[in-house]
Amino acid sequence: MGGTPTDLKMIDENGRRLDGRLPNEMRPLKIEAGVLKRADGSAYVEWGLNKVMAAVYGPRECHPRHLQNPERALVQCHYNMASFSVDDRKRPGPDRRSHEISKIISEALTNVVFTEYFPRTSIDVYIEVLQANAGTRCAGLTAASVALADAGVPMRDLVASCAAGKVADTVVVDLAKEEDNFGQADIPVGYVPRTGEIVLLQMDGDLTQEQFNKGLHMALDACKNVYEVQRDALKRRYSARASDAELASEGEGGDKREVA
Amino acid sequence: MSKDVVADLKRDHISKLVAKGMRADGRKFDELRPLKIETNFIGSAEGSARVHLGNTEVVVGVKLILGEPFPDTPNTGVLTTNAELIPMASDTFEGGPPDQESIEVARVIDRGIREGHAVDMEKLCITPGKEVWIMFVDVHVLDYDGNLFDAANMGAVAAFNSAVVPAKRAGKGEDFPLPVMHQPISVTAVKIGGKLLVDPTHDEERVAEARLTVATIEDGNLCAMQKGLDGSFTMDEVFQVVDMSRRIGAEVRSKM
Amino acid sequence: MDNSGSRESGREIVVPGELLAVAGKKAGPGTYLDGGRVYAAQLGIKSVRPDSVSVVPLAGQYIPVRGDLVVGKIIDIGPSNWLVDINSPYPSPLHVNEVPWRVEFGETGKFMSIGDILLLKIVDVDEVRRISVSMQDHGLRKLSGGMVIEVSPSKVPRVIGRDGSMIQMLKNMTGCRIYVGQNGRIWMDGELDGILRAVRAIKMIEDEAHSIGLTEKVKRLLEEKSGKGA
């Protein structure tokens, strides 16, 4: 986070940011669930100029074997940025930043997944950033939650994620690229909507206690909006062809066992 | 991993179908799956395309940066092709450094683009011997159901057609469209039970004895070929694949 | 709460974490209890009974249940068992005691090979999810010929149909023998044409499991001729 080039006004006279947003406004967010054929579950997120794909395989046998937990499933997230996702081409393969993000997202998701239902297995979550414009870890965690639900993995809730930050001494929500590059603080947050628990939290920059307080509140409010979009994406996946009570009675009870 | 053990049943079923002139998805032997190409899909790339070939989905990004030419070609830009077969696309792909499969895919696509002179590399020279444009073609596989060679090739060609060289950002004058010269299109066929099937699905690839990829350009000339798997082709079969590739290549080109 | 479009004819799609019942209902499958309230644990259809509420999942792994009939695939062979993939997070051993032949130690490879498709029954699932299967019962055996396809295990009830009506229609109209494993694997054998039509019909059922009038649509599909030929 450095100084701002003098011709960049992060917040103008009307309180508007570079892209015209007010401090508490999020960028446009679109989510599609179930977009890949091979994966057990998947989700595609377009958030501002971010384009992120998430896929889930599992629960399945845990490889490498020595990582198996005899009592729980392991939620292993692999976050990666495509070489063409950023202006200066990135060398393929995970770097230290990707490893760190993979870890914190794994931990956030482990919190909500009923891992005790699948001992000795692994639930593999892959996040690919195809186009990056700040907030990719939040977009990734948001997509991953939808992909897990899409795969039918039992969870106690989805995890919604969004970041807050500070630019030009103003606390704002959902930083865009220039705001992240030239801003003064960044607070990515992962939120469990029903209980209000925070399962991912990082911060870097320079904030007073009050600014942090305000930022955290703004991020959590934004997460509530993110949750609505996540839920809508999952429902839309199936409701386009919703219908009759036939399924409700076929889906449970006696008929299940008849086979040949 | 267990999923990749091909049951004899599946092999038998596909072979029986082929013997009767049929394929599991109802296609003709020389028919491509539904093809959808979207260009300029990735704003952060100088050129890009998203390709759906049946259930196979790949994203190809073209990035251009300044660099030094190779000593033996001081007047031309540099082309580098890379393919990422990420685990997201299939439970048969392992993460980690590129394995033989991803390297082969990258090199075959590269061959088609390079030998087919898709891009006029000399126009990518800024100062001979000193400074040229390095063009990175990165193939990212998102969903895998066979035939990466053709899906990625089409993605690269489509990405070139809409790419812009970012000269302005690099302080080298105005931006200009990537100097595209030709459209090399590859067509891949596999041999099953003595028959040749174009654009194989993953299942068909797994039971195939041999595979042949042939790339052609607009005038019908050949620019690249690659035979794969451990079976064999007769000379006649090779010519058949070449014919199909010319014909289907022209059809694909007309749709781009 | 506005479910715009997700609620039609009484069928409500719920996502994990959604509140299903405030009090007085037991937590059925696909749900969990927290502070006396029942919440959805999976993406699925909310199903309310007089004394309980559950969620019928729309996707998910096959969770073996004792007594289930499954279609398995041998993935490894040991001296006294065959390791079977039953499309579940856990592969399961088929012990030499659970097959109808007398198999000497080390001779397992002579009876069945890797890749063989078997019709099996789930005999036991213990507390740590270890599964045992058997091929002893009447009708259980190695399957030869034909074709196996996989559908999401959550769609199996739909392939079978109420009172087996859907599977019966599939068998009658294609002339195929069909075994539907609870694990989402379906084996079928018959004339090639019949197999192709059965496969297409089952794919339709999987894709449109929630459609109105699915039975009619499948019937019409089965009446069409199959394949286009080379």
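Residues numbered from 1 in each chain as written. Chains lettered and ligands numbered in written order. Predicted model: local features only at pLDDT ≥ 70, side-chain atom pairs only at ≥ 80, totals over all residues. Heavy atoms only, no water.

**Q** Would you take a moment to explain the overall build of chain B for this structure?
**A** Within chain B, the secondary structure is distributed over five helices and 12 strands. By the compact-globule yardstick of 18 Å for 256 residues, chain B fits well, its C-alpha radius of gyration being 19 Å. Over its C-alpha atoms, taken along the principal directions, chain B stretches across nearly 60 × 40 × 30 Å. Expressed as a percentage of the 256 residues in chain B, the buried residues total 59%. For chain B, restricting intrachain contacts to residue pairs at least 6 apart in sequence, the fraction spanning at least 24 positions comes to 68%. With an accessible surface of roughly 10500 Å², chain B has 51% of that area assigned to carbon and sulfur atoms. Considering chain B, the positive charge centre built from 29 side chains and the negative charge centre built from 40 side chains are found 3 Å apart. (Helix = DSSP H or I, 4+ residues; strand = E, 2+ residues; numbered from the N terminus. Rg over C-alpha atoms; globule rule 2.2 N^0.38 Å. Buried < 20%, exposed > 50% of the residue type's maximum accessible area, 1.4 Å probe, protein only. Contact = heavy atoms within 4.5 Å. Areas by Shrake-Rupley, 256 points an atom, 1.4 Å probe, with all protein chains shown as cover. Lys, Arg positive; Asp, Glu negative; His and termini not counted. Charge placed at Lys NZ, Arg CZ, Asp CG, Glu CD.)

**Q** Any chance you could explain the sheet that holds strand 3 (residues 50-61) of chain A here in plain terms?
**A** Sheets are built from strands that pair by backbone hydrogen bonding, the pairs being arranged parallel or antiparallel. Residues and elements named next belong to chain A. Strand order in this open sheet of five strands is 1-2-3-5-4, and the pairing throughout is mixed. Pairing within the sheet leaves two strands with one partner each, and these edge strands are strand 1 (29-33) and strand 4 (74-81). Shown here is a sheet whose adjacent strand axes are inclined to one another by a mean of 15°, direction ignored. Where strand 4 lies against strand 5 (residues 121-131), eight bridges are found, and the strand directions are parallel. Of the residues in strand 5, the one forming a bridge with Asn 80 is Glu 128. In the packing of helix 2 (residues 136-150) onto the sheet, contacts are made with strand 1, strand 2 (41-47), strand 3, strand 4 and strand 5, and the angle to strand 2 comes to roughly 150°. Contacts from helix 4 (residues 209-239) reach strand 1 and strand 2, with the element oriented near 35° to strand 1. (Pairing = 2+ DSSP bridges. Axes fitted to C-alpha atoms, helices over the stretch in contact; angles between N-to-C directions.)

**Q** Help me understand the pairing of strand 11 (residues 210-216) of chain B, please; the structure alone is not making it clear to me.
**A** Across a regular strand the side chains alternate sides, sitting on one face of the sheet and then on the other. Residue and element names in this part refer to chain B. In terms of residue burial, strand 11 counts as a mostly covered element, since seven of its seven residues are buried. In the sheet, strand 9 (residues 185-192) pairs with strand 11 via seven bridges, with the strands oriented antiparallel. Within strand 11, the residue paired with Val 187 across the bridge is Val 214. Bridge count between strand 11 and strand 12 (residues 222-228): six bridges; the pairing is antiparallel. Paired with Ala 215 across the two strands is Ala 224, which belongs to strand 12.

**Q** Please clarify how the sheet that holds strand 6 (residues 37-40) of chain C should be interpreted in this entry.
**A** All names here are of chain C. With antiparallel pairing, the three strands of this open sheet are ordered in space as 3-6-5. Two strands lie at the open edges of the sheet, namely strand 3 (19-21) and strand 5 (31-34), each paired on one side alone. Strand-to-strand twist in this sheet, taken as the mean axis angle between neighbours without regard to direction, amounts to 40°.

**Q** Explain the nonpolar core here, please?
**A** The nonpolar side chains of soluble globular proteins are, as a tendency, buried together. Ranked by size, the top nonpolar core spans 100 residues in total, and within it Val 125, Ile 127 and Leu 148 of chain A together with Leu 94 of chain C carry the most contacts. The leading source of residues in this core is helix 4 of chain A, at 11 residues. In this structure Ile 127 of chain A touches Val 52, Met 53, Ala 54, Cys 77, His 78, Tyr 79, Asn 80, Ile 105, Gly 140, Leu 141 and Ala 144 of chain A, once residues within four positions along its chain are discounted. Val 51, Ala 106, Val 137 and Val 252 of chain B belong to the second-largest nonpolar core, a separate cluster that totals 56 residues. (Core = buried A, V, L, I, M, F, W, Y, C linked by side-chain atoms within 4.5 Å.)

**Q** Would you mind showing me how to read the packing of helix 1 (residues 8-19) of chain B against helix 4 (residues 192-207) of chain C here?
**A** Contact pair helix 1 of chain B / helix 4 of chain C: the axes reach a minimum separation of 11 Å and the direction vectors enclose 115°. Judged by the twist between their axes, the crossing of helix 1 of chain B over helix 4 of chain C is left-handed. Side by side, helix 1 of chain B and helix 4 of chain C meet where His 13, Lys 16 and Leu 17 of chain B of the first sit next to Leu 192, Ile 195 and Leu 196 of chain C of the second. Counted by class, the contact of helix 1 of chain B with helix 4 of chain C contains four nonpolar, one polar and one charged residues. (Left-handed = near helix turned anticlockwise from the far one by under 90°. Nonpolar A, V, L, I, M, F, W, Y, C, P; charged D, E, K, R; others polar.)

**Q** How should unusual backbone geometry be read in this particular structure?
**A** Only a minority of non-glycine residues have a phi that is not negative, and only a minority of peptide bonds are not trans. Residue Gly 58 of chain A is joined to Pro 59 of chain A through a cis peptide bond whose omega torsion reads 0°. With respect to the element layout, Pro 59 of chain A can be found in strand 3. A cis amide bond links His 63 of chain A with the next residue in sequence, Pro 64 of chain A, at an omega value of 0°. The topology assignment puts Pro 64 of chain A in the loop between strand 3 and strand 4. Despite not being glycine, His 117 of chain B shows a phi value in the positive range, around 50°. Structurally, the position occupied by His 117 of chain B is in the loop between helix 2 (100-115) and strand 5 (125-127). Residue classification places His 117 of chain B among the partly exposed residues on the basis of a relative accessible area of 43%. The phi torsion at Leu 229 of chain B lies on the positive side, around 70°, for a residue other than glycine.

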